[in-house]
Amino acid sequence: MNIRRRRGGIVGIVAMTGILALAVSGCARDGGDSGGDDGETAASPGITDTSITLGITTPLSGATAGPGTCTVAGVTAYFGAVNAAGGVEFGDGVTRTVEIEAYDDAYDPQQSLANFQQMVSDDVFAVTAGLGTPTNRAFRDAAIDEEVPQVLVMTGDPLFSNTEESPWQLGFVPIYQNEGAAFGELLASSSEDLTVAILSQNDDYGEGYVEGFKEAIEGVDNIEIVGELTYEATDTSVDAQLTELAATDADVFFNAMSITPLVISSLLKTQEIGWLPSWFLPSNTSSPVAILQPGNATAFPGVYSVSFAKAPASPAFAEDEDVQTFLSDLAEYADYPDMPAFPHCMWSYMVGATLEQAFQGMTEPTRENFLESLRSISDFQAPLMLEGTYVDTTVDGQPAVSTVVVQKYNGTGYANADTFG
């Protein structure tokens, strides 16, 4: 890995095990030329008459480096193409390029806080796209204190979409409850009598998925939960929990798990002990290439997840114009020539498109005006979004994307699942 290090964070050229090398742009260091004696609104740090600088703190090393690297790649690809075409025309009539600074936090909350502090020193206009609930929570209070937007971040924690509690924040991906509820609704609509075993991460992530699922099946006669256990995010094995849950012989395994290696080992362990239920997996740990294929997921009657993004590897989207443009931009501007193994590459590309919408609505070069514009987007069909899903930032308590489609793994990718079974 070739990384240029600096105090408080890592910026520069990132090479992820031969998969990705991102040239992260430099940025302007002043707050612009406006403001002062002529009565114009003073520009916030990180925006000038020629550019705006965004920061991303995300895991570029460690166990979650695959999806973390994607969070930088997608945004870099999107704005690389935009900059090459001349930049973004903002609502104030000024055309600016969008510069990205990326910092490695290795999924360590303390490092993400240090990275944020460095971003403040570096005059970053806003923080965006970074992966992780604990890492984003680590500097949320500081972002509020410093009045720095922390927006369109990759966490399903509803706290980030509560305007009263998080006035400078906004999540991008569906909250955990939305995903859990979508699968619960699919089961509830089934004519079968089904038993369910649950394993969830012992934190807000796991609790949110389970909460949404249980609310969706409440009062439904054909669904019975026969076992429920938790694990810690720091655990390296959940074999004991899987063995206990296997004893229930449940038809469905609801696995609210965020750690990629644990998902793979869980898929393999349940096969080893002879328990072959249908599975539900969260959207961020359901990659066909990175997780389901190594876990031999075709051994199960069905593996379900939810999505709002087109999957480039799916034959259904092989000729899709959005997908072809995305893959071309990813290779040319993010130096990411391979087929993305994680959905975060697509999600962060959509983040770029959503940010562009907000920039186009900005009539003043300030963070406050940016947030006002960002929170006024509705029914926006960002590139790569599945039919029936859209960006809507106007609903308090909901992230930018709250609509999802339940899908079933077909051995190579996913197909929409209108019914269970």
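Preceding this paragraph is the structure being described.
Cut-offs applied
Residues numbered from 1 in each chain as written. Predicted model: local features only at pLDDT ≥ 70, side-chain atom pairs only at ≥ 80, totals over all residues. Heavy atoms only, no water. Helix = DSSP H or I, 4+ residues; strand = E, 2+ residues; numbered from the N terminus. Rg over C-alpha atoms; globule rule 2.2 N^0.38 Å. Buried < 20%, exposed > 50% of the residue type's maximum accessible area, 1.4 Å probe, protein only. Contact = heavy atoms within 4.5 Å. Lys, Arg positive; Asp, Glu negative; His and termini not counted. Charge placed at Lys NZ, Arg CZ, Asp CG, Glu CD. Pairing = 2+ DSSP bridges. Axes fitted to C-alpha atoms, helices over the stretch in contact; angles between N-to-C directions. 1 Å grid on protein atoms, 1.4 Å probe; cavity = no way out; pocket = protein on both sides within 12 Å on 5 of 7 lines; lining within 4 Å. Points joined across faces, edges and corners; volume = space filled by probe spheres on them. Nonpolar A, V, L, I, M, F, W, Y, C, P; charged D, E, K, R; others polar. Left-handed = near helix turned anticlockwise from the far one by under 90°. Parallel < 35°, antiparallel > 145°, perpendicular 65-115°, else oblique.

1. Observations concerning the overall build of the protein
Then, in step 1: Of regular secondary structure, the protein possesses 12 helices and 17 strands.
Then, in step 2: Its C-alpha atoms give the protein a radius of gyration of 21 Å, within 12% of the compact-globule value 22 Å for 421 residues.
Then, in step 3: If one aligns the C-alpha atoms of the protein with their principal axes, the spans along those axes are about 75 × 45 × 40 Å.
Then, in step 4: Classification of the 421 residues of the protein by burial places 57% in the buried group.
Then, in step 5: Excluding contacts between residues fewer than 6 apart, the proportion of contacts in the protein whose partners are at least 24 apart in sequence is 68%.
Then, in step 6: Here the protein holds 14 positive side-chain charges and 59 negative ones, and the gap between their average locations is 8 Å.

2. Some details on the sheet that holds strand β15 (residues 303–307)
Then, in step 1: Sheet architecture is open: seven strands sit in the order β12-β11-β13-β14-β15-β16-β17, paired in mixed fashion. The open sheet terminates on both sides in strands that have one partner only, identified here as β12 (223–231) and β17 (414–416). On average, adjacent strands in this sheet sit at an angle of 25 degrees to one another, irrespective of strand direction.
Then, in step 2: Judged from the three bridges that link them, strand β13 (residues 252–256) and strand β14 (residues 278–280) form a sheet pairing that is parallel. Across the sheet, Phe254 pairs through a bridge with Phe280, a residue of β14.

3. Describing the side chain of His344
Then, in step 1: By the element assignment, His344 lies in helix α11 (residues 344–360).
Then, in step 2: Here His344 is in contact with Pro67, Cys70, Thr71, Leu131, Met154 and Asn284, once residues within four sequence places are set aside.

4. Things to note about the environment of Val323
Then, in step 1: Along the chain, the position of Val323 falls in helix α10 (residues 321–333).
Then, in step 2: Residue class for Val323 comes out buried when judged on its relative accessible area of 1%.
Then, in step 3: Measuring from C-alpha to C-alpha, the distance between Val323 and Pro383 comes to 8.3 Å, with 60 residues separating the pair along the chain.

5. Some points on empty space enclosed by the protein
Then, in step 1: Tallied over the full model, the rule gives one cavity of 30 Å³ or more.
Then, in step 2: In this model, the largest cavity occupies a volume close to 330 Å³.
Then, in step 3: The wall of the largest cavity is formed by 26 residues, among which Pro288, Ala311, Pro343, Met346 and Tyr414 lie closest to the centre.
Then, in step 4: Where the lining of the largest cavity is concerned, the elements lending two or more residues are α9 (288–292), β15 and α11.

6. Thoughts on the layout of surface pockets
Then, in step 1: Empty space within the largest pocket amounts to approximately 560 Å³.
Then, in step 2: As for the largest pocket, its lining consists of 34 residues, and the residues nearest its centre are Tyr107, Gly132, Thr133, Ser258 and Asn284.
Then, in step 3: Where the lining of the largest pocket is concerned, the elements lending two or more residues are α3 (133–138), α5 (176–188), α6 (204–217) and α11.
Then, in step 4: Top contributing element to the lining of the largest pocket by residue count: α6, with three residues.
Then, in step 5: For the lining of the largest pocket, the per-class residue count stands at 16 nonpolar, 15 polar and three charged.
Then, in step 6: Estimated volume of the second largest pocket: approximately 150 Å³.
Then, in step 7: Lys310, Ser314, Ala316, Phe317, Met385, Leu386, Glu387, Val405, Gln407, Tyr414, Ala415 and Asn416 are the residues that line the second largest pocket.
Then, in step 8: Contributions of two or more residues to the lining of the second largest pocket are made by β16 (405–409) and β17.
Then, in step 9: The element contributing the most residues to the lining of the second largest pocket is β17, with three residues.
Then, in step 10: Of the residues belonging to the lining of the second largest pocket, the class tally is seven nonpolar, three polar and two charged.

7. A closer look at the sheet that holds strand β7 (residues 95–104)
Then, in step 1: Spatially, β6-β7-β5-β8-β9-β10 is the arrangement adopted by the six strands of the open sheet, whose pairing is mixed. On the outer flanks of this sheet lie β6 (88–89) and β10 (169–171), each paired with one strand and no other.
Then, in step 2: Of the strand pairs in this sheet, strand β5 (residues 51–58) and strand β8 (residues 126–128) are connected by two bridges, and their pairing is parallel. For Gly55, the partnering residue across the bridge sits in β8 and is Val127.

8. Considering the packing of α5 against α6
Then, in step 1: Orientation of α5 relative to α6, taken along the N-to-C sense of each, is 35 degrees, at an axis distance of 7 Å. Here α5 and α6 pass one another in a crossing that is right-handed. Contacts from Tyr176, Gln177, Glu179, Gly180, Ala181, Phe183, Gly184, Glu185, Leu187 and Ala188 in α5 reach Asp204, Tyr205, Gly208, Tyr209, Glu211, Gly212, Phe213, Ala216 and Ile217 in α6.
Then, in step 2: Counted by class, the contact of α5 with α6 contains 10 nonpolar, five polar and four charged residues.

9. Focus: helix α12 (residues 367–374)
Think of an α-helix as turning once every 3.6 residues; residues three or four places apart then point the same way.
Then, in step 1: The buried count for α12 comes to six of eight residues, which makes it a mostly enclosed element.
Then, in step 2: If you check which residues of α12 are buried, you get Arg367, Asn369, Phe370, Leu371, Ser373 and Leu374.
Then, in step 3: Structurally, α12 contributes buried residues whose contacts are with β8, α4 (140–146), β9 (150–153), β10 and α11.

10. A look at the packing of helix α7 (residues 239–246) against helix α8 (residues 260–272)
Then, in step 1: Their axes nearest at 10 Å, the elements α7 and α8 cross at an angle of 45 degrees. Comparing the axis directions of α7 and α8 gives the class oblique. When you trace α7 past α8, the crossing you get is right-handed. Here Asp239, Leu242 and Thr243 of α7 lie close against α8, whose contacting residues are Ser266, Lys269 and Thr270.
Then, in step 2: Of the residues contributing to the contact of α7 with α8, the split by class is one nonpolar, three polar and two charged.

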